[in-house]
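Given next are the chains, with one letter for each unit.
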Amino acid sequence: MARYLSRRLLTLIPLLFLVAVIAFGLVRMTPGDPAAVVAGPDATPEQVARIRTAMGLDRSLPVQFVDWTERVFLHGDLGDSLVLGQPVMKVILQRAQPTLLLALMGAFFTMLLGVPTGIFAAVRHNSWVDRVLMSGAIIGLSIPNFWLGLLLVLTFSIHWSILPPSGFVSLQEGGIMSIKYLVLPGLAIGASSAAFLARMVRSSMLDVLRQDFIRTAKAKGLRGRTVLYRHALKNAMIPPLTVIGMLVANLASGTVIIEIVFNVPGAGRLLINSVSRRDYPVMQGVIIITAFIYILANLIVDILYGLIDPRVRYE
Amino acid sequence: MKVAINTDLASVDMMWGTPNINRDVMGHVYEYLFTMSEKNTYIPMLAEKDMDISADGMTFTITLRQGVKFHNGADFTSADAVASLERWHRMTTRGKTIAANLDTMTAKDDHTVEMVFTKPNGGLLFAIGQYGGLAVMFPKDVVDKYYDTTAKEDKEIKDADAIGTGPYKLKEWVRDSSVTLVRNDNYTPRDEPSDGRGGKRWAYVDEIVFTPVQDPTTLLNGLVSGEFHISYASPPAQYDQINSDPNLVPVIIKPGSKAVAVFNKKKGIGTDMKLREAALAATNPQEVMAGTIDNDKFYACFASLAGKEWGDWYTEVGSDLYAQNNIDKAKQLLSESGYKGEKLRWITTKDYDYMYRSALVASKEWEKAGINVDLIVSDWPTVVTNRSKEDVYDIFSTGIGFEGDPLGTGAYTPSWPGWTTSPEITKAETALVTETDPAKRKKLWEDLQQGFYDEVPYIQFGEMYTLRATRKNVHNFTGRQDLMLWNVWLE
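Per-chain numbering applies: the sequence of each chain, read as written, is numbered from 1 onward. Key to labels: chains lettered from A, ligands numbered from 1, both in the order written. In keeping with the predicted nature of the model, local features appear solely for residues at pLDDT of at least 70, side-chain atom pairs appear and are counted solely at 80 or more, and the whole-chain, interface and lining totals rest on all residues. Excluded from the side-chain calculations are hydrogens and water; all other atoms, namely the structure's heavy atoms, are used.

1. Side note on the environment of Thr117 of chain A
Residues and elements named next belong to chain A. Looking at the secondary structure, you find Thr117 in helix H5 (residues 88-123). Working definition: with a 1.4 Å probe on protein chains only, accessible area under 20% of the residue-type maximum means buried, over 50% means exposed, and in between means partly exposed. Judged by its relative accessible area of 22%, Thr117 falls in the partly exposed class. On a C-alpha basis, the gap between Thr117 and Tyr294 in space is 32 Å, while along the polypeptide they are 177 residues apart. Note on definitions: a residue-residue contact is assigned when non-hydrogen atoms from the two residues lie within 4.5 Å. Every residue in contact with Thr117, bar those within four places of it in the chain, is listed here: Leu133 and Ala198. Counting from the N terminus, the helices are the DSSP runs of H or I reaching at least four residues and the strands are the DSSP runs of E reaching at least two.

Here is the structure:
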């Protein structure tokens, strides 16, 4: 096991190096000049050149590459943002909180809406309640999240004025009040996955309700609620649980558009902004960090397999 | 007071880059020696009174106001003014071109600065007083701190040293999230009543927070719900909605910048003057602008390179060549040219909606005359890079504003992308630098505009106006192009 782990960890290095080469290459192949963006539309060529020199972009590409990889791999330093004038690591960490909170809020609404709807629809299987709920789920799945976001703003912020239409206040600054900024965007990204989850829970629940042990439980005189929540739900949640894991990962990537619609200064918006202003170090940093998380997650999953399934052996 | 802006600042250092948002935010922190009045003339701001100009037009003496303090408590003296103007001279376009003939600049005493030129200088007051000239006053020690004496280069001033004399101080800039200014309690306003950007400046609100909001619908929702007090810029398509909301006030900002298409006059088919004239003849500006801007309150079509708001600079010279809308003449001109049906490569972007839409409509008109247009659409940074490469395009879209003086726009100079080398234009441009007599300068400007229509360095479609909006409880908000939030209060 220890040998396997150390071997896997060692392969991380060439893998990340490869990612670094690709990230640097792809990012630098895009046309456009960050100095020109900072200098503005009326700038003269000399002004742009001055800013380019200050950014260190006047050096040759190989020199910049060696300099950058050295910093990343030997010092764990992702460099400084060209436009924001701050270390890339700091920039990314600053934006991680809004994105994470948004994803969590989305996950919260996914479960809050998805699980009870699924159970209710299953219990009232084939009744009008079931049909209404499942039609709602289909609508929830089909509505684009940014449009739903706008509808929510129209209703809750403009019509009723009970929730803010956009913005973000960090937990440190706003404490519990920062939640109120997350409700609408969280609902907007959570809705479609809630709809998906509701359909999963319903079908899984229906399967379980037809099983023999449920009939046995009912036959021995247990109360309906006990049968439903203690016996049926527990068994029915196994397939949806694996899906929830996937959905949460999707939520994190789905925040990009929602961050723009609700003006949340998160990681998704950072990436989009960095591309449009050609902030190379930030683009590279985000790619490297994302790749690192993916590789690490794969490793953890591989290890977990062994723990769950004893047939898997590490050689 | 909360203000929604469209993009974040690029820098707190006003001389570092030229995006308008930099100066519209930091213009509350930094002040100029002279500034613009309501009628866009130049009046003293940190200077005590008008400049003393010697009879030969070569020596300028500026007397500074006494008792002005920087945000760090230090007195503003002539040493600061000289250091700031030297930095301006080294770093900015206008500093370089207009002060090109500068001989000496000295602090005569604590509150007097003298500038001596080797030739008469006609544009100095404009250059240091106009908002876009960026000749703002820094403390001398900040200028020195950010000057690399070995490389002889100025570096970007960081947030902590963003110290000016203005009615507001920079409190905090959280990148991509907000810029917060707070009232400068030690500010001593001028005694004269407020006049344009000049006169008495009074900071009514304690704190101004600028929040970048990318999506215009999100911005409007924020304004409607009261999350923001002011929208820095909204799309004209939202005008009717804003106008019909009882809590909001739309403000149309004039003058604006012009939607234009600039020919590459260094290489390729754009070097053929007959082709450029043909394109001009085929253009119907009314139609182009109607297809570009959704609401006709937000554009105007006229020949003058300066709008009517600029007073004497407005001129109708060359009007007969603007808006010809004459396809037959265009065809005739094309047959006289060396054009053989090659693709005219037009680089444009959808990042600025007006650039793409004006290019689309105009190219359809030109195709009727027989010009083959190849519209190449990419994002704005790519256009900016490519427009400096003479091999990759024949024409590009951009916006050009008149900046208060003919010398304010780099677009007529040979070094700007598109490379305008017309003898007629360059001659007038050069003479404007040294001419000090206003009447003669006006005549030179007319010559320049005539040259513009004779040689067609670029095609001007029309002027576009910006829509700003405030909530009803915002008072004394002016329709000036440059954002001014002192003298504004909330109810």
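2. Focus on the domain arrangement of chain B
Many structure descriptions define interface size as the accessible area lost when the parts assemble. All names here are of chain B. The split into domains, and so the bounds of each, comes from an automatic or database assignment of domains. Domain parsing of chain B yields domain 1 (2-182) and domain 2 (255-466). A straight line from the C-alpha centre of domain 1 to that of domain 2 covers 31 Å. Facing 15 residues of domain 1, the contacting portion of domain 2 comprises 13 residues. What gets called buried area is simply the loss in accessible area from a 1.4 Å probe that two parts show on being joined, summed for both. Of the roughly 1,000 Å² buried between domain 1 and domain 2 on both sides combined, carbon and sulfur atoms contribute 53%.

3. Some points on the packing of aromatic side chains
Residue and element names in this part refer to chain B. Centres within 6.5 Å are what make two rings of Phe, Tyr or Trp a pair, Trp counting through its six-membered ring; a difference in plane orientation under 30 degrees is then read as stacked, over 60 as edge-to-face, and the rest as tilted. Enumeration over the complete set of coordinates arrives at 29 aromatic pairs over all chains. Note on Phe60 and Phe117: the rings are 5.4 Å apart at their centroids and 85° apart in plane angle, and the pair reads as edge-to-face. Within this pair, whereas Phe60 is found in strand S5 (residues 59-63), its partner Phe117 is found in strand S7 (residues 112-117), the two being separated by 57 residues in sequence. A centroid spacing of 6.5 Å and a plane angle of 10° characterise the contact between Tyr412 and Tyr458, whose relative ring orientation is stacked. Here Tyr412 is found in the loop between strand S18 (395-401) and helix H13 (423-434), whereas its partner Tyr458 is found in strand S19 (residues 458-471), with 46 residues between them in sequence. Both residues of the pair, Tyr412 and Tyr458, belong to the buried class.

4. Let's talk about the pattern of salt bridges
Residue and element names in this part refer to chain B. Note on definitions: salt bridges are taken to be side-chain nitrogens of Lys or Arg within 4 Å of carboxyl oxygens of Asp or Glu. Counted under the stated rule, the structure contains 38 salt bridges over all chains. The residue Lys49 makes a salt bridge to Asp52 at a minimum N-O spacing of 3.2 Å. Given the relative accessible area of 38%, Lys49 is considered partly exposed. Classification of Asp52 as partly exposed rests on a relative accessible area of 39%. Between Asp391 and Lys267 there is a salt bridge, with its nearest N and O atoms 2.5 Å apart. You can see Asp391 sitting in the loop between helix H12 (380-386) and S18 and its partner Lys267 sitting in the loop between strand S14 (248-263) and helix H8 (273-282), a full 124 residues away along the chain. Via salt bridges that share partners, Asp13, Arg87, Arg90 and Asp154 belong to a single interconnected network.

5. Details of the environment of Ser177 of chain B
Looking at the element boundaries, Ser177 of chain B is found in the loop between strand S10 (168-174) and strand S11 (178-183). Taking C-alpha positions, Ser177 of chain B is 26 Å from Ile253 of chain B, a pair spaced 76 residues apart along the chain. Apart from residues lying up to four places away in sequence, Ser177 of chain B is in contact with Pro265 of chain A together with Phe210, Thr211 and Pro212 of chain B.

6. Things to note about the interface of chain B and chain A
With 37 residues of chain B at the contact, the number on the chain A side is 42 residues. Summed over both sides, the interface between chain B and chain A buries roughly 3,400 Å², with carbon and sulfur atoms accounting for 50% of that surface. Area buried by chain B at its contact with chain A is led by Trp16, Arg175 and Asp176 of chain B, which between them contribute 19% of it. One can count 3 salt bridges joining chain B with chain A. A salt bridge links Arg95 of chain A to Asp176 of chain B; the shortest N-O distance between them is 3.4 Å. Polar contact is defined as a pair of N or O atoms within 3.5 Å, subject to the rule that within protein one atom must be able to donate a hydrogen and the other to accept it, and that residues adjacent in sequence are counted only when both atoms are side-chain atoms. If you look at where chain B meets chain A, you find 12 residue pairs in polar contact (both at pLDDT 80 or more). Residue assignment for the side of chain B that touches chain A shows that the elements contributing at least two residues are helix H3 (93-98), strand S12 (207-212), helix H6 (216-225) and H12 of chain B. Take the side of chain B that touches chain A: its biggest share by element is 6 residues, from H6 of chain B. Classes in brief: Ala, Val, Leu, Ile, Met, Phe, Trp, Tyr, Cys and Pro nonpolar; Asp, Glu, Lys and Arg charged; the others, Gly included, polar. Tallied by class, residues from the side of chain B that touches chain A come to 13 nonpolar, 15 polar and 9 charged.

7. Observations concerning the packing of helix H6 (residues 128-142) of chain A against helix H9 (residues 178-209) of chain A
All names here are of chain A. Where H6 meets H9, the closest approach of the two axes is 7 Å, and the angle between their N-to-C directions is 140°. Classified by the angle their axes make, H6 and H9 are oblique. The interaxial crossing formed by H6 with H9 has left-handed handedness. Residue-level contacts link Asp130, Met134, Ala137, Ile138, Gly140 and Leu141 of H6 to Ser192, Ala195, Phe196, Ala198, Arg199 and Arg202 of H9. When the residues that make up the contact of H6 with H9 are grouped by side-chain class, the tally is 7 nonpolar, 2 polar and 3 charged. Axis lines are fitted through C-alpha atoms, for helices just across the contact stretch, and the angle between N-to-C directions can take any value from 0 to 180 degrees. Geometric relationships in this document are graded by angle, where less than 35 degrees denotes roughly parallel, more than 145 denotes roughly antiparallel, 65 to 115 denotes roughly perpendicular, and other angles denote oblique. Left-handed describes a crossing whose near helix is turned anticlockwise from the far helix by less than a right angle; the clockwise case is right-handed.

8. Digging into the confidence of the model for chain A
Per-residue confidence from the predictor is reported as pLDDT, which spans 0 to 100. With 94% of its residues at a pLDDT of 70 or more, chain A shows a mean pLDDT of 86. When mean pLDDT is compared element by element in chain A, H6 of chain A scores highest at 93, while helix H12 (residues 238-261) of chain A scores lowest at 76.

9. Describing the nonpolar core
Nine residue types can take part in a nonpolar core, namely buried Ala, Val, Leu, Ile, Met, Phe, Trp, Tyr and Cys, and a core is a set of them joined through side-chain atoms within 4.5 Å. Grouped together as the largest cluster of nonpolar side chains are 172 residues, with contacts concentrated most on Leu33, Ile62, Ile128, Phe210 and Trp366 of chain B. Of all the elements, S14 of chain B adds the most residues to this core, at 8 residues. Mapping this core onto the domain boundaries places at least three of its residues in each of domain 1 (2-182) and domain 2 (255-466) of chain B. In this structure Leu33 of chain B touches Pro44, Met45, Leu46, Ala47, Ile62, Leu64, Phe76, Leu85, Ile128, Ala135 and Met137 of chain B, once residues within four positions along its chain are discounted. Formed by 21 residues, the second largest nonpolar core is a distinct cluster that contains Leu101, Val183, Ala188 and Leu251 of chain A.

10. Some thoughts on the sheet that holds S7 of chain B
In any sheet, the strands associate via hydrogen bonds between backbone groups, in a parallel or an antiparallel arrangement. Residue and element names in this part refer to chain B. Criterion used throughout: strands pair if DSSP finds at least two bridges between them. One open sheet holds the 4 strands; their spatial order is S4-S5-S7-S6, and the pairing between them is antiparallel. Strand pairing shows two members of the sheet lacking a second neighbour, strand S4 (52-53) and strand S6 (102-109), which therefore form its edges. Looking at chain direction, S6 and S7 are connected through 6 bridges and run antiparallel. For Thr104, the partnering residue across the bridge sits in S7 and is Val116. Each of S6 and S7 is contacted by helix H2 (residues 78-91), which is oriented at about 165° to S6, the strand it contacts most.

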